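Survey of secondary and tertiary structure
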Amino acid sequence: MKALVLSGGKGTRLRPFSYSMPKQLIPIANKPVLEHILGNLRAVGVEETAIIVGDWGPEIRALLGDGSRYGMRITYLPQDEPRGLAHCVALARDFLGDDDFVMYLGDNMLPQGVSHIAEEFRERRPAAQVVVHKVPDPRAFGVAEVDADGRVTHLVEKPQRPVSDLALIGVYFFTPAIHDAVAAIRPSARGELEITDAIALLVAQGEEVKASEYDGYWRDTGRVEDVLECNRELLDTLVPRVAGEVDAASELVGQVVVEPGARVVRSRIHGPVVVGAGTVVEDSWVGPHTAIGRDCVLSDARLDYSIALDGATVRHVHGIHGSLIGRAAVVRCDDTGPGRHRLVVGDHTTVEVAA
């Protein structure tokens, strides 16, 4: 089975970060979303993956390379503009050939993986198998109606009046039957080739289309709030490890990872927390559910439930909570008062915080 990963979107909901990096490379627990996805794909036995890329193709290629360090081969397929999920299948037609494949949206996090669903697909081999998840408001998703045997009877894209709470969450398993369906559909009212239309055509033709409910943790990491919440979920699974330096005046409590080359000086860290390689934390307090990237500097700082991307600096700022601080950004304050701050700071930005 091959894989098709879609990473060509604009990421408008994650601005200002998506102005300077693709949303699929935003780190969750100090690892980019795409690396989490590749791990899930390798766990189901995928050895060949095509990644649909847009303007950020060079950056994605620079990180992932040829895929060898993930135990697979990666092919990059450029898409000039987002034209729908089914258009991505059409772009990958030559790569996919006559193989079964899994299609995976590049901003989706499913930490528990989809190995059991992949096994169901291999055993029954329906024309298509969609992964669904119960959501409180299905209007922002493709929605599946499913009978008692798990067969999909109807699909609707972003319905105003949903008749089901089973949302398609961006993982699909297909046989080559999907290619004829994709070739037969036309663009929707929003000008895109919708994968739900192609799957609905399979249903209308009497092909077997199954739905498998994913009952683990799932997040679309398209917004800052979702990135922080997903970071919380993954950090809760941390296994404590200290590969850097922690001086005698510092204290680590709970699940804390200090990566190689990092230094913790006269500080208290209350996990779950990960401190990236080369980072210096001095005279600071770092609270639960915080991920600090590589080569950061925290000096006389207090923060929790936050993410600091690589190269960020925080000096003399207390009370940072629920914040996302961009690469090489600087957050500082001359007054060390007890103010509480929620920050969304883009890459290479300097912010002066008032206490």
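Structure's up top.
Residues numbered from 1 in each chain as written. Predicted model: local features only at pLDDT ≥ 70, side-chain atom pairs only at ≥ 80, totals over all residues. Heavy atoms only, no water.

With respect to the environment of Asp 80
Checked against the element boundaries, Asp 80 lands in the loop between strand E5 (73-78) and helix H3 (85-91). Sequence-wise, Asp 80 and Gly 8 are 72 residues apart; in three dimensions their C-alpha atoms are separated by 8.5 Å. A polar contact is formed between the side chain of Asp 80 and the side chain of Arg 83, at a distance of 2.8 Å. (Helix = DSSP H or I, 4+ residues; strand = E, 2+ residues; numbered from the N terminus. Polar contact = N/O pair within 3.5 Å; in protein donor to acceptor, adjacent residues only side chain to side chain.)

A few points about the packing of helix H1 (residues 33-43) against helix H2 (residues 57-64)
Packed helix pairs are characterised by how far apart their axes lie and by the angle those axes make with each other. Contact pair H1 / H2: the axes reach a minimum separation of 11 Å and the direction vectors enclose 55°. Taken together, the axes of H1 and H2 lie oblique to each other. You can see that H1 and H2 cross each other, and the crossing is right-handed. Residues Leu 34, Glu 35 and Leu 38 of H1 touch H2, and the partners they reach there are Ile 60, Leu 63 and Leu 64. (Axes fitted to C-alpha atoms, helices over the stretch in contact; angles between N-to-C directions. Parallel < 35°, antiparallel > 145°, perpendicular 65-115°, else oblique. Left-handed = near helix turned anticlockwise from the far one by under 90°. Contact = heavy atoms within 4.5 Å.)

Some remarks on unusual backbone geometry
The phi angle of most residues is negative, glycine excepted, and most peptide bonds adopt the trans form. The omega angle of the peptide bond from Gly 271 to Pro 272 is 10°, so this bond is cis rather than trans. Residue Tyr 305 is not a glycine yet carries a positive backbone phi of 45°. Within the secondary structure, Tyr 305 sits in the loop between strand E25 (302-304) and strand E26 (307-308).

Observations concerning the sheet that holds E25
Pairing is parallel in the open sheet, where five strands are placed in the order E16-E19-E22-E25-E28. On the outer flanks of this sheet lie strand E16 (251-253) and strand E28 (320-321), each paired with one strand and no other. In the sheet, E25 pairs with E28 via two bridges, with the strands oriented parallel. Note on E28: the bridge partner recorded for Leu 303 is Ile 320. (Pairing = 2+ DSSP bridges.)

Focus on the side chain of Gln 79
Mapped onto the fold, Gln 79 is located in the loop between E5 and H3. There is a polar contact of 2.9 Å between the side chain of Gln 79 and the side chain of His 87. In this structure, Gln 79 is in contact with Ile 52, Val 53, Gly 54, Gly 84, His 87, Cys 88 and Leu 91, ignoring residues within four places of it in sequence.

A look at helix H6 (residues 177-184)
For H6, every residue scored as buried is listed here: Ile 178, His 179, Ala 181 and Val 182. Down the axis of H6, the sector holding all buried residues measures 165°, keeping them to one side. Along H6, the residues that are exposed and aim more than 90 degrees away from the buried face are Asp 180 and Ala 183. (Buried < 20%, exposed > 50% of the residue type's maximum accessible area, 1.4 Å probe, protein only. Arc of directions from axis to C-beta.)

Side note on the pairing of strand E10 (residues 152-157)
Bridging between strand E9 (residues 142-146) and E10 involves five bridges; their strand directions are antiparallel. Opposite Ala 144, over in E10, you have Leu 155 as the bridge partner. The hairpin formed by E9 and E10 contains five residues between the paired strands, and Gly 150 there has a positive phi angle of roughly 85°.

Quick look at the sheet that holds strand E24 (residues 297-299)
The strand order E15-E18-E21-E24-E27-E30-E32 describes an open sheet built from seven strands, whose pairing is parallel. Of all the strands in the sheet, the pair left with one neighbour each is strand E15 (245-246) and strand E32 (350-352). Relative to strand E18 (residues 263-265), E15 runs parallel, the two sharing two bridges. Along E18, the bridge assignment pairs Glu 245 with Arg 263.

Describing the side chain of Asn 231
Topologically, Asn 231 is positioned in helix H8 (residues 224-235). Those residues in contact with Asn 231 that sit more than four places away from it in its chain are Ile 28, Ala 29, His 289, Thr 290, Ala 291, Ser 306 and Ile 307.

Topic: the state of the cysteines
Under the definition given, this model contains zero disulfides. The thiol of Cys 230 is not disulfide-bonded; the next cysteine sulfur, from Cys 296, is found 19 Å away. With no disulfide of its own, Cys 296 has Cys 333 as its nearest cysteine by sulfur position, at a separation of 19 Å. (Disulfide = S-S within 2.5 Å.)

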